[in-house]
Amino acid sequence: MAKKIGQKTKTPMPHVDPGVRRHSFGEVATGYSVELARQEAARCIECKNMPCVAGCPVEIDIPAFVRQVAAGDFDGAFQTLSAKNLLPAVCGRVCPQEDQCEKVCTLGVRFEPVAIGRLERFVADYAALMHLSDTAAPAAPSGRKVAIVGSGPAGLTAAADLAKLGHSVTIFEALHKAGGVLMYGIPEFRLPKTIVQGEIEKLTGLGVDIKTNHVIGRTFTIDELFSELGFDALFIGTGAGLPHFPSIPGVNLIGVFSANEYLTRSNLMKAYRFPEHDTPIVRGKNVAVIGGGNTAMDSVRTALRLGAEHAYLIYRRSRDEMPARAEEVEHAEEEGVEIVLLAAPTELLGNEKSRVRAMRCVRMALGEPDQSGRRSPVPIAGSEFEIAVDTVVFAVGQGANPLIRSTTPDLPVTKWGYIVADPETGATQKPGVFAGGDIVTGGATVISAMGAGRRAARAIDAYLHRLPAGGHAAADAFIST
Amino acid sequence: MPRILAKETLAPDVVRFWIEAPAIAKKRRPGQFVIIRTDETGERIPLTIADADTARGAIALIVQGVGKSTHKLNRLEPGDTILDVAGPLGQPTHIEPGMRVCCVGGGIGTAVVYPIAAGVRAAAGRVAAIVGARTKDLIILEREMAAVAEPCIITTDDGSHGRKGLVTEALRMLFAEGYEFDEVVAVGPLPMMQAVCAVTRPLGVKTIVSLNPIMVDGTGMCGGCRVTIGGEQKFVCVDGPEFDGHQVDFAEVAARLRAYREDEATAMDRYRAELAAPQR
Ligand SMILES: Cc1cc2nc3c(=O)[nH]c(=O)nc-3n(C[C@H](O)[C@H](O)[C@H](O)COP(=O)(O)OP(=O)(O)OC[C@H]3O[C@@H](n4cnc5c(N)ncnc54)[C@H](O)[C@@H]3O)c2cc1C
Ligand code: SF4
Ligand code: FES
């Protein structure tokens, strides 16, 4: 029998005051205390069919860990989480819970759902503070070598799982820090970098070798990882890091950025601490960010923190269609972001020094639903207007980086350049090569990338067991005879 | 961490480093570059691979101290390490066996042109070279160039070494003397590359220039290095750094290079002050 319903709304999570935080890169939400966490966990009615578990892309045993929190067994709760999720401190902060576990929570049908994400974050932070670690023992060494290309959530998860299965794992990362979007994209105020690095250290603890500054396709090609470095299998998790710019006049003016550049300067290169850190960033007074996803929210909130007097978010559809996490949109508005809906830029205008000075926009109306099911915006004739801006950031989606596909001709890709891989196993059509995360699906979520990494790890393990004694080299020789 | 094996001064504020980077030394081809970062608070900066020694597993980088990052780098000594070196990046120069190329280097641009000249020579091609600078002290790699190019013409603005005048005048002279080239490769300050393109355009001689915009990642992820080539958007770090000079929008490249001029000055001033301050 399910428990009786108690408190009907989520226990609020403490936040830094919007007036303070709009000037600070410190984390916005400060997290539950032990008391608040237990109070919130006690709300779970332990319903019989537990829809939350199926709502979680990695099927965490949510009712079990919530029950453990309610009982004050935080160590047990951490072990329950760790059984399914490598990066709980990250997921608790950035997963779109409102579209996943919390969306289907039984309590949420009539009241607010259990704050599963906040509880996950609490448990992970508690574990980090108490130096708890995942107690599952790794398997005996298999003698097989696996290379992971890219160190985002997909690559990290695949690496950890494969290491636990006894394989020798090396991650190759193009940038100087591991973590993918978690390091270069998502800002400090939403996901502190010490937390990401803490999660990554777990991998080094498992014996995973992380090689930064290795650009696959350049330093080594995919084929060379097999032939010269002797890997038996490969996982490609290189993300969707190619920025798109709209085809409108003025996109190359000074002060116009892709969100990737703007966020990378600020997060990875710490330009918000210029001149203590050497990388500069344009500190605009009037900043317009174009887009409606998490990337756009992160950019516009970064602009505020860099000292913008006006930070506009320009989105071509209405609020309902915004793909960003609901909490981020709320936070952005509280901090003073000015949201301009149903509008899109048509032209950027520059001054005599080629710096952007204004943006011309057109108003939109919503028409018929498009392939994604969202109603597509249609420009309204004669509705043009101009905004004075000195910085413009485009967060209008990304594509697949060409470095690997252009140097691996026998790796089939879609017409958009994404790698073709089996959604269940991550297997590509090239023997021994698996792929997952944004490089297969296009820009998605941290947790879906992790899920893909996990499924691929399972398939790679099975593949390695099928390989003949000499490993990939022997398999290759066998195929070519 | 990559170690500095050797260091020599080629001209005032211009240094050649040999850096331990076996994988890059083996893989690199003429025209490619690396991204380096000297220390934890440093910028990521692109530098052309000026030469490679596969036996020693080393690459050569020629660095002109222009801002804080390059000055910091130039203060390092043999035995010191560089925090991050990633590469080889960018597309290699397109070199065909037996091709006839005129390599034009202006100032530090000679460091970029030299590996291309050496590559053409190694592919049984014929190289003529024009190496220019403001004055004698700023001419670099004269000996190396002369070893792979015939003729190898030196020009200085003030006539202190070689011919007095600009590289474009020497180029015109070569054409007037009846030299024929499949390609001209020009690397140097933007106005110089633009001037070379102005000479070759009416003659219909294909001209390759190497661009050095501001970069962040160097892997095609940020788009900060974007340029317009023949009306199309290209990323210099993956599509370049070499492009058909007759198609480049030089004015745009020049404007974008000035994006952080004030910040660069701030950083440099602070750095000078730090160096001048007594050590604690
Ligand atoms: C600003 C921003 C905010 C976001 N916010 C959220 C959020 O709140 N919640 C959420 O769920 N999702 C969010 N996302 C989406 C989420 O971050 C991605 O879906 C997820 O990170 C994809 O993981 P991945 O492992 O596939 O790739 P990535 O995280 O993109 O990592 C790929 C890694 O591979 C490296 N790489 C690329 N090419 C090569 C190569 N040739 N050789 C070696 N290494 C290479 C890259 O440098 C990178 O480190 C956000 C994305 C962005 C950009
Ligand atoms: S669906 Fe909600 S109420 Fe039911 S077990 Fe999961 S968290 Fe508890
Ligand atoms: S430097 Fe970032 S895309 Fe070229």
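One can find the structure itself at the top, above this paragraph.
These notes cover the structure that comes with them. Computed from a prediction, not measured in an experiment: that's the story for all the values here.

If you tally the helices and strands in chain A, you get 20 helices and 16 strands. Relative to the compact-globule value of 23 Å for 481 residues, chain A shows a C-alpha radius of gyration of 23 Å, a close match. For the C-alpha atoms alone, the extent of chain A along its principal axes is close to 70 × 60 × 50 Å. By the burial criterion, 57% of the 481 residues in chain A qualify as buried. For chain A, the exposed area adds up to about 19300 Å²; of that, 55% sits on carbon and sulfur atoms.

Looking now at the nonpolar core. Core analysis: the largest hydrophobic core is formed by 71 residues, its most contacted members being I62, F65, V69, L119 and I148 of chain A. When residues of this core are assigned to their parent elements, the largest contribution, 10 residues, is made by helix α19 (residues 446-466) of chain A. Membership of the second largest hydrophobic core comes to 44 residues, among which are I290, L348 and F394 of chain A together with L190 of chain B.

What follows covers the site of ligand 1. Residue and element names in this part refer to chain A. Inspection of the region around ligand 1 gives 36 residues, with V94, E173, R190, I216 and D438 positioned closest. One of the backbone N or O atoms of V181 is found 3.0 Å from an oxygen atom in ligand 1. Within the complex, 95% of the 1000 Å² of free accessible area of ligand 1 lies under protein. Of all the secondary-structure elements, those providing two or more residues to the shell around ligand 1 are α10 (153-164), α15 (294-305) and α19. It is α15 that contributes the most residues to the shell around ligand 1, three residues altogether. Of the residues assigned to the shell around ligand 1, the class counts are 17 nonpolar, 14 polar and five charged.

All right, on to the interface of chain B and chain A then. Taken together, the contacts link 46 residues of chain B with 42 residues of chain A. Carbon and sulfur atoms make up 52% of the surface buried where chain B meets chain A, a total of about 3600 Å² over both sides. On the chain B side of the contact with chain A, M221, R226 and Y260 of chain B bury the most area, a combined 18% of that side's loss. Across the contact surface, chain B and chain A share six salt bridges. Among the ionic pairs, E40 of chain B bridges to K177 of chain A, the shortest N-O distance being 2.9 Å. Connecting chain B to chain A are 21 residue pairs in polar contact (both at pLDDT 80 or more). Looking at the side of chain B that touches chain A, the elements with two or more residues in it are α1 (22-27), α2 (68-74), β6 (84-89), β13 (226-229), β14 (232-235), α8 (250-257) and α9 (261-276) of chain B. The element contributing the most residues to the side of chain B that touches chain A is β6 of chain B, with six residues. When grouped by side-chain class, the residues that make up the side of chain B that touches chain A number 17 nonpolar, 13 polar and 16 charged.

All names here are of chain A. Strand order across the open sheet formed by five strands is β3-β2-β1-β4-β16, with parallel pairing between neighbours. Here the strands that pair on one side only, and so sit at the sheet edges, are β3 (209-211) and β16 (433-435). Across the sheet, the axes of successive neighbouring strands diverge by a mean angle of 20°, strand direction being ignored. One ladder, built from five bridges, connects strand β1 (residues 145-149) with strand β2 (residues 168-172); its direction is parallel. Bridged to V146 within β2 is V169.

C44, I45, C47, P51, C52, P63, C105, T106, V114 and I116 of chain A make up every residue found near ligand 2. Class assignment for the residues of the shell around ligand 2 results in nine nonpolar, one polar and no charged.

About the criteria used
Residues numbered from 1 in each chain as written. Chains lettered and ligands numbered in written order. Predicted model: local features only at pLDDT ≥ 70, side-chain atom pairs only at ≥ 80, totals over all residues. Heavy atoms only, no water. Helix = DSSP H or I, 4+ residues; strand = E, 2+ residues; numbered from the N terminus. Rg over C-alpha atoms; globule rule 2.2 N^0.38 Å. Buried < 20%, exposed > 50% of the residue type's maximum accessible area, 1.4 Å probe, protein only. Areas by Shrake-Rupley, 256 points an atom, 1.4 Å probe, with all protein chains shown as cover. Core = buried A, V, L, I, M, F, W, Y, C linked by side-chain atoms within 4.5 Å. Near = heavy atom within 4 Å. Polar contact = N/O pair within 3.5 Å; in protein donor to acceptor, adjacent residues only side chain to side chain. Nonpolar A, V, L, I, M, F, W, Y, C, P; charged D, E, K, R; others polar. Contact = heavy atoms within 4.5 Å. Buried area = accessible area lost by both parts, 1.4 Å probe. Salt bridge = Lys/Arg side-chain N within 4 Å of Asp/Glu carboxyl O. Pairing = 2+ DSSP bridges. Axes fitted to C-alpha atoms, helices over the stretch in contact; angles between N-to-C directions.

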